[in-house]
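Residue-level listing of the chains:
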Amino acid sequence: NMIGTTFGNSASSGGGFLPSDITGLKLWLDADAANVNAGSPTNLDAVSTWVDKSTAANNLTQATAINQPTWLSSIPSLDFDGSNDLLLSSSNDFDFGDENFSVLVRCKLNSSQSTNVFGKFEASGNNRSYDIWADESGTGFFRIVISSNGASGGGTTVLTSTTAISISQFYFVAMVYDAAANQVKVSIDGGAFGNTTHNSGAFTGSTADLSLGGNNGNFADIDVTNAYIFNSALSLDEINQLKVYSE
């Protein structure tokens, strides 16, 4: 994929772009210290709450100490250990049906792995899901998985990016579901969309928890600086604005 272009700041935020300038914001995670726990973490502190900066207030949380990621101060980020670290949200704001939505994350892989990174998986018979998957150990790419299993005519669509990935490098990964076109799209670092048709009937959303750091028994060994979810199908221009903002 091509490296994206840097776009000018939005006038609506007084000359500086903010993620809230884009329609449909449901989750805005930024790993600056002010947004972690009570706002005053120190290096390697366990994180029980990652505060959502959007007006939806969809904080991601983890009450179990052994499953909490740690906060890193050098490059403000959350470190997920690949063993059992997860942050979760049960908000129904993420229970998308056959409607536009976008899921984005800026992350760095810390080891060779093939695992879920960010999304939903409903394991109880339906297997309905949407998910960003990192596959550095196999194909060396990010994959987007969207599944309507359990729905009438349901099935699973997998879209693999064409940008090879490496360990210890941050990537800005965007998945977009365009309901009108029935298309799944992926962009890496603001580059041109890869896309495919979700030809398994209308997407039926999952009511499982939103999960960052893995799901369905898979755990990611990653660092995350930013994550976003929108109830809209983002354009490349909007994705590039978010990428630049997140760096």
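Residues numbered from 1 in each chain as written. Predicted model: local features only at pLDDT ≥ 70, side-chain atom pairs only at ≥ 80, totals over all residues. Heavy atoms only, no water.

So, about the pattern of salt bridges. Evaluated as defined, the whole model comprises 5 salt bridges. Between Lys-108 and Asp-223 there is a salt bridge, with its nearest N and O atoms 3.2 Å apart. Placement of Lys-108 in strand 7 (residues 101-109) and of Asp-223 in strand 18 (residues 221-230) is noted, with a sequence separation of 115 residues between them. This pair shows no difference in class: Lys-108 is buried, exactly as Asp-223 is. The closest approach of N and O atoms between Glu-247 and Lys-243, which form a salt bridge, is 2.7 Å. (Salt bridge = Lys/Arg side-chain N within 4 Å of Asp/Glu carboxyl O. Helix = DSSP H or I, 4+ residues; strand = E, 2+ residues; numbered from the N terminus. Buried < 20%, exposed > 50% of the residue type's maximum accessible area, 1.4 Å probe, protein only.)

So, on to the nonpolar core. Among the nonpolar cores identified, the biggest contains 43 residues, and Trp-50, Leu-78, Val-105, Phe-118, Tyr-130, Phe-142 and Leu-212 are the most heavily contacted of them. For this core, the leading source of residues is strand 7, giving 5 residues. With near-sequence residues (within four places) excluded, Phe-142 lies in contact with Cys-107, Leu-109, Ile-132, Trp-133, Ala-134, Leu-159, Thr-160, Ser-161, Ile-165, Tyr-171, Val-173 and Ile-188. Of all hydrophobic cores here, the second largest spans 13 residues; its members include Leu-25, Ala-174, Val-176 and Leu-242. (Core = buried A, V, L, I, M, F, W, Y, C linked by side-chain atoms within 4.5 Å. Contact = heavy atoms within 4.5 Å.)

Let us look at the pairing of strand 11 (residues 156-160). Across the two faces of strand 11 the burial differs, with Thr-157 and Leu-159 buried and Thr-156, Val-158 and Thr-160 not buried at all. Of the pairings in the sheet, the one linking strand 10 (residues 141-147) to strand 11 comprises 5 bridges and is antiparallel in character. Residue pairing for strand 11: Ile-144 is matched across the bridge by Leu-159. (Pairing = 2+ DSSP bridges.)

For any two aromatic rings, the description comes down to two numbers: the centre-to-centre distance and the angle of the planes. Using the criterion set out here, one finds 8 aromatic pairs in the structure. The interplanar angle of 40 degrees and the centroid separation of 6.0 Å between the aromatic rings of Phe-96 and Tyr-130 together place this pair among those described as tilted. In this pair, Phe-96 sits in the loop between strand 6 (87-89) and strand 7 while Tyr-130 sits in strand 9 (residues 129-135), placing the two residues 34 residues apart along the sequence. Ring plane angle 35 degrees and centroid distance 5.5 Å describe the contact between Phe-101 and Tyr-177, whose orientation is recorded as tilted. With Phe-101 in strand 7 and Tyr-177 in strand 12 (residues 170-178), the pair connects residues that are 76 residues apart, well separated along the chain. (Phe/Tyr/Trp six-rings, centres within 6.5 Å; stacked < 30°, edge-to-face > 60°.)

The next point concerns unusual backbone geometry. For Asn-37, which is not glycine, the phi dihedral falls at a positive 50 degrees. Its identity as a non-glycine residue notwithstanding, Ser-168 has a phi of 70 degrees, on the positive side. Structurally, the position occupied by Ser-168 is in the loop between strand 11 and strand 12. Using a relative accessible area of 51% as the deciding quantity, one classes Ser-168 as exposed.

Within helix 1 (residues 236-246), burial applies to Ile-239, Asn-240, Gln-241, Leu-242, Lys-243 and Ser-246. In this fold, the buried residues of helix 1 make contact with strand 7, strand 12, strand 13 (183-188) and strand 18.

Summarising burial for strand 9: 7 of the 7 residues are buried, a large majority. With burial as the criterion, each face of strand 9 is covered, one bearing Ser-129, Asp-131, Trp-133 and Asp-135 and the other bearing Tyr-130, Ile-132 and Ala-134. For strand 8 (residues 114-121) and strand 9, the ladder comprises 7 bridges, and the chain directions are antiparallel. Looking at strand 9, one finds that Ser-114 is bridged to Asp-135. By the bridge criterion, 7 bridges tie strand 9 to strand 10 in an arrangement that is antiparallel. Its bridge partner lying in strand 10, Ser-129 is registered against Ser-147.

For Asp-223, a relative accessible area of 6% gives the class buried. In this structure the side chain of Asp-223 is engaged in a polar contact, spanning 3.0 Å, whose partner is the side chain of Asn-110. Non-local contacts of Asp-223, meaning those with residues more than four positions away in its chain, are made with Leu-72, Ser-77, Leu-78, Asp-79, Arg-106, Cys-107, Lys-108, Asn-110 and Phe-170. (Polar contact = N/O pair within 3.5 Å; in protein donor to acceptor, adjacent residues only side chain to side chain.)

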